[in-house]
Amino acid sequence: MELTAEHKKKIKKIVAKADKQTMTVKTVRRTLEKSLGLEKDALKPLKEELTAYVTLLIDPPTPAKEKKPPAKKAKPESTEDARIVQLKKMGQAVRAGPTLFKGLKDLDADAKAAELKERLVAKGYEISGEAP
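Predicted model, so just to flag it, every value in this text is computed and none were measured.

Caption draft 1: Summary view of helix α1 (residues 5-17). Spanning 13 residues, α1 covers 19 Å between terminal C-alpha atoms, matching the ideal 18 Å at 1.5 Å per step. Within α1, burial applies to His7, Ile11, Ile14 and Val15. Down the axis of α1, the sector holding all buried residues measures 95 degrees, keeping them to one side. Residues of α1 that are exposed and point over 90 degrees away from its buried face: Ala5, Lys9, Lys13, Ala16 and Lys17. Buried positions along α1 lie against α2 (25-36) and α3 (47-58).

Here it is as structure tokens:
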């Protein structure tokens, strides 16, 4: 046995008339059984389907709003030397670790680039072509 279109139509009427504060699925089922002239608990096998339908009537699903991906914030342009930026990106890409960048603040651009290259090579990373 399953909920038919006739059952659903009557359930809608029952739920519309019922006091939502005191209404239960059991009372809806029993009222439906009476209106169909069925024995008590005749629709009990449909309990889960009935519960789902009554819940749908009481609390209809709201359409999900499309979530827009958060706008990427533009990073301020670095005033750092392009060679150093590239070497830092390379260090991050190979996950060389935080020690790669320690003690570089006080060096000038040429010394920074040379030190970063040296540290990457020391960690076993090969730089093919001309190093930045």
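On we go.
Caption draft 2: Broad picture of the packing of α1 against α3. α3 packs onto α1 with a crossing angle of 50 degrees between their chain directions and a minimal axis gap of 11 Å. Classified by the angle between their axes, α1 and α3 sit oblique to one another. Of the two possible hands of crossing, α1 and α3 adopt the one that is right-handed. Residue-level contacts link Lys8, Ile11, Lys12 and Val15 of α1 to Leu50, Tyr53, Val54, Leu57 and Ile58 of α3. Residue classes in the contact of α1 with α3 are distributed as 7 nonpolar, no polar and 2 charged.

Caption draft 3: Seen up close, the packing of α1 against α2. At their nearest, the axes of α1 and α2 sit 10 Å apart, and the two run at 120 degrees to each other. Considered as vectors, α1 and α2 are oriented oblique to each other. Once α1 is placed against α2, the crossing between them reads as right-handed. Listed contacts from α2 to Glu6, His7, Lys10, Ile11, Ile14 and Val15 of α1 are Val28, Thr31, Leu32, Ser35 and Leu36. For the contact of α1 with α2, a count of residues per class yields 6 nonpolar, 3 polar and 2 charged.

Definitions and cut-offs
Residues numbered from 1 in each chain as written. Predicted model: local features only at pLDDT ≥ 70, side-chain atom pairs only at ≥ 80, totals over all residues. Heavy atoms only, no water. Helix = DSSP H or I, 4+ residues; strand = E, 2+ residues; numbered from the N terminus. Expected span 1.5 Å × (residues − 1). Buried < 20%, exposed > 50% of the residue type's maximum accessible area, 1.4 Å probe, protein only. Arc of directions from axis to C-beta. Contact = heavy atoms within 4.5 Å. Axes fitted to C-alpha atoms, helices over the stretch in contact; angles between N-to-C directions. Parallel < 35°, antiparallel > 145°, perpendicular 65-115°, else oblique. Left-handed = near helix turned anticlockwise from the far one by under 90°. Nonpolar A, V, L, I, M, F, W, Y, C, P; charged D, E, K, R; others polar.

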